Amino acid sequence: MDEDPFFRRDMVNDLEREGYEIATAENGRKAVELIHENRFDLVITGLGEGPVDGIDVLKYAKENYPEIMVIIFTAQGNMSSAIKALQHDADD
């Protein structure tokens, strides 16, 4: 999940080239819907903003499907975001 369509496209291209099947979401609400409707091994999400952000996606995934690995990335790079993500069991 990431709001930036160019970043999503680049990430999809890179991961598909490596042989992964990918689903994308432009916001947290769509990411939660995809997680609910599909079986994923890994969720990669930005922190995002809005009513459902990356931490909300992380919490939903881990509470409902604890076997899913979740990686959160951010360009902001502040420690409080990283700590919050790890407190909610982010895998990286």
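Nothing here was measured: the structure is a model prediction, and the numbers come from that model. (Residues numbered from 1 in each chain as written. Predicted model: local features only at pLDDT ≥ 70, side-chain atom pairs only at ≥ 80, totals over all residues. Heavy atoms only, no water.)

Observations concerning the overall build of the chain
Thinking step 1. Per the secondary structure count, the chain includes 4 helices and 2 strands.
Thinking step 2. In sequence order, the secondary structure elements of the chain are arranged as α-α-β-α-β-α.
Thinking step 3. The buried share of the chain, taken over its 92 residues, is 32%.
Thinking step 4. Roughly 6,100 Å² of accessible area belongs to the chain as shown, and the carbon and sulfur atoms make up 50% of that amount. (Helix = DSSP H or I, 4+ residues; strand = E, 2+ residues; numbered from the N terminus. Buried < 20%, exposed > 50% of the residue type's maximum accessible area, 1.4 Å probe, protein only. Areas by Shrake-Rupley, 256 points an atom, 1.4 Å probe, with all protein chains shown as cover.)

What to know about the pairing of strand E1 (residues 42-46)
Thinking step 1. The pairing of E1 with strand E2 (residues 69-73) spans 5 bridges and is parallel. Bridge pairing in E2 links Ile44 to Ile71.
Thinking step 2. In this fold, the crossover linking E1 to E2 by way of helix H3 (residues 54-64) has right-handed handedness. (Pairing = 2+ DSSP bridges. Right-handed = clockwise from strand over helix to strand, strands pointing away.)

Topic: the environment of Gly48
Thinking step 1. Structurally, the position occupied by Gly48 is in the loop between E1 and H3.
Thinking step 2. Classification of Gly48 as partly exposed rests on a relative accessible area of 25%.
Thinking step 3. Each C-alpha atom of the pair Gly48 and Thr74 lies 8.3 Å from the other, and the pair is 26 residues apart in sequence.
Thinking step 4. In contact with Gly48, other than residues within four places in its own chain, are Met1, Glu3, Asp53 and Gly54. (Contact = heavy atoms within 4.5 Å.)

A look at the packing of aromatic side chains
Thinking step 1. Under the counting rule described, the total for this entry stands at 2 aromatic pairs.
Thinking step 2. Arranged with centres 5.0 Å apart and planes meeting at 40 degrees, the rings of Phe7 and Phe73 form a pair that is tilted. Remark: Phe73 occurs in strand E2 and Phe7 occurs in helix H1 (residues 5-17); sequence separation between them is 66 residues. (Phe/Tyr/Trp six-rings, centres within 6.5 Å; stacked < 30°, edge-to-face > 60°.)

What to know about the environment of His36
Thinking step 1. Relative to the helices and strands, His36 resides in helix H2 (residues 28-37).
Thinking step 2. Sequence separation between His36 and Asn64 is 28 residues; the distance between their C-alpha atoms is 8.5 Å.
Thinking step 3. Discounting residues that sit within four places of it in the chain, His36 has contacts with Tyr60 and Tyr65.
Thinking step 4. One polar contact links His36 to Tyr60, side chain to side chain, over a distance of 3.1 Å. (Polar contact = N/O pair within 3.5 Å; in protein donor to acceptor, adjacent residues only side chain to side chain.)

Considerations on the pattern of salt bridges
Thinking step 1. Applying the stated rule across the entire model yields 3 salt bridges.
Thinking step 2. One salt bridge in this structure joins Arg17 and Asp14, with 2.5 Å as the shortest N-O distance. You can see Arg17 and its partner Asp14 sitting in helix H1, 3 residues apart, about one turn around the helix.
Thinking step 3. Residue Arg17 is classed as exposed on the basis of its relative accessible area of 62%.
Thinking step 4. The class for Asp14 is partly exposed, based on a relative accessible area of 43%.
Thinking step 5. One salt bridge connects Arg39 with Glu67, and the closest N-O pair in it is separated by 3.3 Å. With Arg39 in the loop between H2 and E1 and Glu67 in the loop between H3 and E2, the pair connects residues that are 28 residues apart, well separated along the chain.
Thinking step 6. Overall, the relative accessible area of 63% leaves Arg39 in the exposed class.
Thinking step 7. Residue classification places Glu67 among the partly exposed residues on the basis of a relative accessible area of 47%. (Salt bridge = Lys/Arg side-chain N within 4 Å of Asp/Glu carboxyl O.)

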